[in-house]
Amino acid sequence: DRRVFDHMIATSTAAGLRYRPPAVDAEVVVYLGEDGDVRWIEAMTRAWAEVATRGLRVVAVPGSHHEGTMLIDPNVAVLAASVDAALAGEPEDGD
C-alpha cells in the first residue's frame, strides 16, 4: 500500500539525515538513480565523498531511489550487473 511505502521513505530519510558515518578506509561505490532529484544526488555524493578515504565512484543506474524504481525490472538487472562488476574489480564503462 502506498501509505506504508511513503512512511518507509519518510522514516529512512529522517534516519539518513541524522546518521554520521565514520570514515571508510576503502573506495566507496555509490549507486544513484538517474531519475533522482539533482539536489539529493549532489548531497549524497558530497556526503559519501567525506567518508570515502580511498575515493568515491558514483555510478548512475536507471530508475529512482525514492520511487523504488531502481529495484524493479528492468532497472534492477542493470543495478545488479553493475554491483557484480564492482565486486569483481571490473571498471565501469568509461573508467
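The preceding data block contains the structure.
Numbering of residues begins from 1 in every chain and follows the order in which that chain's sequence is written. Totals for whole chains, interfaces and linings use all residues, but because this is a predicted model, local features are given only for residues with pLDDT of at least 70 and pairs of side-chain atoms are given and counted only at 80 or more. Think of the side-chain values as coming from all heavy atoms in the structure, minus any hydrogens and water.

## Section: the pattern of salt bridges
Oppositely charged side chains can form a pair if their charged atoms are brought close together.
Stage number 1. Basic side-chain nitrogens of Lys or Arg form a salt bridge, by our definition, when they fall within 4 Å of a carboxyl oxygen of Asp or Glu. In this structure the tally under the stated criterion is four salt bridges.
Stage number 2. The residue R54 makes a salt bridge to D25 at a minimum N-O spacing of 3.1 Å. One end of the pair, R54, is in the loop between α2 (38-51) and β2 (56-61); the other, D25, is in the loop between α1 (2-18) and β1 (28-33), with 29 residues separating them in the sequence. Of the two residues, R54 and D25, neither departs from the other in class, the shared state being exposed.
Stage number 3. Note that E27 and R57 form a salt bridge whose closest N and O atoms lie 3.6 Å from each other. Here the residue E27 occupies a position in the loop between α1 and β1, and R57 occupies one in strand β2, the gap between them amounting to 30 residues.
Stage number 4. The exposure class of E27 is partly exposed, given its relative accessible area of 43%. Starting at the N terminus, helices and strands are each numbered in turn, a helix being any DSSP run of H or I of at least four residues and a strand any DSSP run of E of at least two. A 1.4 Å probe rolled over the protein chains alone gives each residue an accessible area, and that area as a share of the maximum for its type sets the label: buried under 20%, exposed over 50%, partly exposed in between.

## Re the nonpolar core
Stage number 1. For this analysis, a nonpolar core means a set of buried residues of the types Ala, Val, Leu, Ile, Met, Phe, Trp, Tyr and Cys, connected via side-chain atoms within 4.5 Å. Within the largest apolar cluster, five residues are counted, these being Y31, V59, V61, M70 and L79.
Stage number 2. Here, residues are in contact when the closest pair of their heavy atoms is within 4.5 Å. L79 has contacts with Y31, V61, M70 and L71, leaving out every residue within four places of it along the chain.

## Re the pairing of β2
One face of the sheet, then the other: side chains in a regular strand alternate in exactly this way.
Stage number 1. Residues R57, V59 and V61 line the buried face of β2, whereas the alternating positions L56, V58 and A60 sit on a face that is not buried.
Stage number 2. Two strands make a pair as long as DSSP finds a minimum of two bridges between them. Bridge count for β1 against β2 is six bridges, and the pairing is parallel. Paired with V28 across the two strands is L56, which belongs to β2.

## Focus: the environment of P21
Stage number 1. Along the chain, the position of P21 falls in the loop between α1 and β1.
Stage number 2. A residue is classified by how much of its surface remains accessible, and P21, at 32% relative accessible area, is partly exposed.

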